[in-house]
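# Secondary and tertiary structure notes
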Amino acid sequence: MGNWGDDTDFEVKALKDYEGRFTINFKKIFMDVDEISEKTLEVTDKHPKDSLMKLWAGTMAGMFIFFLFSYQVFALVIIPIIAFYLIALVRIYKCWKSFKYSVAQFWLMSIAAICALLVVSQVLQRFLVNTLL
């Protein structure tokens, strides 16, 4: 018979639109992680890992943006915002762990990505400061 109700059921439509969304808003990341942990009924190698990876990528992108803005006195304002992204990372980790994915893989890729993003942001800051100032 098919999925004839998908077009009329707004909740199903919202879930389909919701799947695969990339965001750097840490409040939205918090809500999305909670929703994934509550509504996931079946765990496979791909799902919900793919959704968690998109949220993880959004967390890393948000951290990178604020790493770039944390220059001299702005660091005092930016560090608390980066702390929210670290809290979001811990929430993603807890959800990752509850679905029994590899914890070591999560922390290795997270720490490697944070270090790489920090180095790239410092290089970009120095380049911008030396060329523009």
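In this section: the pattern of salt bridges. Counted according to the given criterion, the structure contains three salt bridges. Notably, a salt bridge pairs Asp34 with Arg91, separated by 2.7 Å at the nearest N-O pair. In this pair, Asp34 is assigned in helix α2 (residues 26–39) and Arg91 in helix α4 (residues 75–98), connecting sequence segments 57 residues apart. A relative accessible area of 33% means that Asp34 is categorised as partly exposed. By relative accessible area, which is 29% here, Arg91 ends up partly exposed. A salt bridge links Lys39 to Glu35, with the shortest nitrogen-to-oxygen separation between them at 3.5 Å. With Lys39 and Glu35 both in helix α2, this residue pair falls four residues apart, about one helical turn. Taking relative accessible area as the criterion, Glu35 reaches 23% and is therefore assigned partly exposed.

Per the counting criterion, the structure on display carries 11 aromatic pairs. Arranged with centres 5.0 Å apart and planes meeting at 45 degrees, the rings of Tyr93 and Trp107 form a pair that is tilted. Of this pair, Tyr93 sits in helix α4 while Trp107 sits in helix α5 (residues 103–132), placing them 14 residues apart in sequence. Measuring from ring centre to ring centre gives 5.2 Å for Phe106 and Trp107, while their planes differ by 80 degrees; the resulting arrangement is edge-to-face. Here the aromatic residues Phe26, Phe30, Phe66, Phe69, Phe84 and Tyr85 are joined through ring pairs into a cluster of three or more. Lying over the aromatic face of Tyr101, Lys49 brings its terminal NZ or CZ to 5.4 Å of the ring centre. The side chain of Arg91 reaches across the aromatic face of Phe30, ending 4.8 Å from its centre.

Rules and cut-offs
Residues numbered from 1 in each chain as written. Predicted model: local features only at pLDDT ≥ 70, side-chain atom pairs only at ≥ 80, totals over all residues. Heavy atoms only, no water. Salt bridge = Lys/Arg side-chain N within 4 Å of Asp/Glu carboxyl O. Helix = DSSP H or I, 4+ residues; strand = E, 2+ residues; numbered from the N terminus. Buried < 20%, exposed > 50% of the residue type's maximum accessible area, 1.4 Å probe, protein only. Phe/Tyr/Trp six-rings, centres within 6.5 Å; stacked < 30°, edge-to-face > 60°. Lys NZ or Arg CZ within 6 Å of the ring centre and 35° of its normal.

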